[in-house]
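The residues making up each chain are set out below.
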Amino acid sequence: LRHFLSVEGLPRTTLTEILDTAESLASAASQNVKKVPLLRGKTIVNLFFEPSTRTRTTFELAAKRLSADSLNMNISASSTSKGESLLDMLHNLEAMQCDMFVVRHAESGAANFIARNVGDSIAVVNAGDGRHAHPTQAMLDMFTIRRHKGEFHNLRVAIVGDVGHSRVARSQIHALTTLGVPEVRVIGPKTLIPESLRGLGVHIYHDLDEGLDGVDVVLVLRLQNERMGAALLPSEREYFHLYGITAERLERAADDAIVLHPGPINRGVEIDSEVADGERSVILEQVTHGIAVRMAAMSLVMGQHPGKDGEARA
Ligand code: CP
């Protein structure tokens, strides 16, 4: 991996390597080897042009646990507010001999643009761009699914909600299909499910009960009001009535179905608190796994392949 910009187009072997590397790092952490020297001497800059709680914090923790020097650029207090261009800011950071940029941006394609315009010594990791991609989120979701289900080839997975505006859903669909999930369903109102998704091999449902029938994994999405524009939408109350994940609706899924959500969750809109906090929910596990998965992604783009004990090997 030179950069990690998207899951789309990556082979199964690469996705599996990320999951296996994360597994070895998580296993080392569970034996109290939380900090490893894989990226000692490297400098990682978090460039978050959009708000974030989970992604930004877990990237920062991951960098620290890899022994890298990490810093969070305060974009609103940077000289971009005095008219400096994004590229000039990046070239100045490059001149400070930084090694990696972790980028979140509201514009789809921003991370790819940055990767094309920085020098060969900088790796770029996409922390979410517009409605395009959120590759590390998708990989931590895959990690969580694999921890609970073991395999991908026998799963029915449903993605529920605002798929149309979701960078997470797009990355999840690519990851699930590449890892061999035979049946990926997307469920939501016509206004939030683009027909073009059929080209990615997913099955579209507009009825929640039908879509949930027999699924092993339910991936719930937030209504992304910040990207909604003029989409024709039901009210939040109506949306909850039609598509909200409640304990009663979940009875249609497999008995051992698990429920994931990338966060932030809107309780009482896309998910009921009884489910979010219930025994099928693995939402906080996802957050924990985000650290190991981001450690793995950052190690691999820097050419480090941790062994089973989390130590670097050639
Ligand atoms: N899942 C996710 O990207 O959350 P944040 O926006 O808080 O980083």
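Residues numbered from 1 in each chain as written. Predicted model: local features only at pLDDT ≥ 70, side-chain atom pairs only at ≥ 80, totals over all residues.

### Quick look at the overall build of the protein chain
For clarity, the threshold we go by: Strands are runs of DSSP state E lasting at least two residues, helices are runs of H or I lasting at least four, and both sets are numbered from the N terminus onward. Values of the radius of gyration come from C-alpha atoms, whereas the globule rule sets the reference at 2.2 Å times the count of residues to the power 0.38. The burial criterion counts other C-beta atoms lying within 10 Å of a residue's C-beta, which is placed from the backbone; the residue is buried at 20 or more, exposed at 12 or fewer, and partly exposed between these limits. By the convention adopted here, residues make contact when the C-beta atoms placed from their backbones lie within 7 Å.
Each helix and strand in the protein chain was counted, giving eleven helices and eleven strands. For 314 residues, the compact-globule estimate of 2.2 N^0.38 gives 20 Å, and the protein chain sits close to it at 19 Å. In terms of its C-alpha atoms, the protein chain occupies a principal-axis envelope of roughly 55 × 45 × 35 Å. Burial status across the protein chain gives 45% buried among its 314 residues. Here the analysis covers contacts within the protein chain between residues at least 6 apart in sequence; of these, 78% occur between residues at least 24 apart.

### Some words on the site of the ligand
Put simply, the test is: Throughout this description, a residue near a molecule or strand is one whose C-beta atom, derived from the backbone, lies within 6 Å of it. Charged residues are taken to be Asp, Glu, Lys and Arg, nonpolar residues to be Ala, Val, Leu, Ile, Met, Phe, Trp, Tyr, Cys and Pro, and polar residues to be all remaining types, Gly included. Residue ranges labeled as domains rest on an automatic or database domain assignment.
Near the ligand you find Ser52, Thr53, Arg54, Thr55, Arg56, Gly128, Gln137, Pro262, Gly263 and Pro264, and these make up its full shell. Per-element tally for the shell around the ligand: the top contributor is helix α2 (residues 54-65), with three residues. Residues of the shell around the ligand, tallied by class, amount to two nonpolar, six polar and two charged. Two domains each donate at least three residues to the shell around the ligand, and these are domain 1 (12-133 + 287-313) and domain 2 (135-283).

### Remarks on the sheet that holds strand β4 (residues 123-129)
Operational definition: In this scheme, strands are said to pair when DSSP sees at least two bridges between them. For helices, the fitted line uses only the C-alpha atoms of the stretch in contact; every axis is such a line through C-alpha atoms, and the angle between N-to-C directions lies from 0 to 180 degrees.
Here we have four strands laid out as an open sheet, ordered β2-β1-β3-β4, and parallel in their pairing. Edge strands, defined here as strands with exactly one partner in the open sheet, are β2 (69-72) and β4. Across this sheet, the average inter-strand angle for adjacent strands is 15 degrees, counted without regard to direction. Sheet topology places strand β3 (residues 100-105) next to β4; five bridges connect them, and they run parallel. Bridge assignment links histidine 105 to a residue of β4, and that residue is aspartate 129.

### Brief notes about the pairing of β4
Basically, it comes down to this: Handedness of a crossover: with both strands directed away from the viewer, a clockwise path from the first strand across the helix to the second marks it as right-handed.
Among the seven residues of β4, seven are classified as buried, and the element is accordingly described as predominantly covered. Once you follow β3 into helix α4 (residues 110-117) and on to β4, the crossover reads as right-handed.

### Focus on the domain arrangement of the protein chain
According to the domain assignment, the protein chain consists of domain 1 (12-133 + 287-313) and domain 2 (135-283). Here the C-alpha centroids of domain 1 and domain 2 sit 26 Å apart. Taken together, the contact between domain 1 and domain 2 spans 20 residues of the former and 19 residues of the latter. Where the side of domain 1 that touches domain 2 is concerned, the elements lending two or more residues are α1 (12-30), β4 and α11 (283-301). Per-class residue counts for the side of domain 1 that touches domain 2 are eight nonpolar, seven polar and five charged.

### Considering the UniProt feature "domain: Aspartate/ornithine carbamoyltransferase carbamoyl-P binding" (unreviewed entry) in the protein chain
Threshold: UniProt positions are given in the numbering used here, feature names are shortened, and annotations may be inferred rather than shown by experiment.
The feature "domain: Aspartate/ornithine carbamoyltransferase carbamoyl-P binding" (unreviewed entry), as given by UniProt, occupies residues 2-146 in the numbering adopted here. Annotation note: span residues 2-146, helix share 42%, strand share 16%, distance between end C-alpha atoms 25 Å.

### Considering the environment of arginine 40
Counting through the fold element by element, arginine 40 comes out in the loop between α1 and β1 (43-48). Placed 29 residues apart in sequence, arginine 40 and aspartate 69 show a C-alpha to C-alpha distance of 7.6 Å.

### Considering the sheet that holds strand β5 (residues 156-160)
With parallel pairing, the five strands of this open sheet are ordered in space as β7-β6-β5-β8-β9. Lying at the two open borders of the sheet, with one neighbouring strand each, are β7 (203-205) and β9 (258-260). For this sheet the average axis-to-axis angle between neighbouring strands, irrespective of direction, equals 20 degrees. Both β5 and strand β6 (residues 183-187) contribute to a ladder of five bridges, which runs parallel. The partner of valine 160 across the bridge, within β6, is isoleucine 187.

### Considerations on α2
Test applied: By this rule, a helix spans an expected 1.5 Å times one less than how many residues it contains. Picture the helix axis, draw a direction to every C-beta atom, and the arc is the one those directions span.
The first and last C-alpha atoms of α2 sit 16 Å apart over twelve residues, in line with the 16 Å expected at 1.5 Å per residue. For α2, the full list of buried residues reads Thr55, Thr58, Phe59, Ala62, Ala63 and Arg65. In a view along the axis of α2, the buried residues occupy a sector of 160 degrees, so they form one face of it. In this structure, the buried side of α2 is in contact with β1, β2, β3, β4 and α11. Positive backbone phi, at 70 degrees, marks serine 67, one or two positions downstream of α2.

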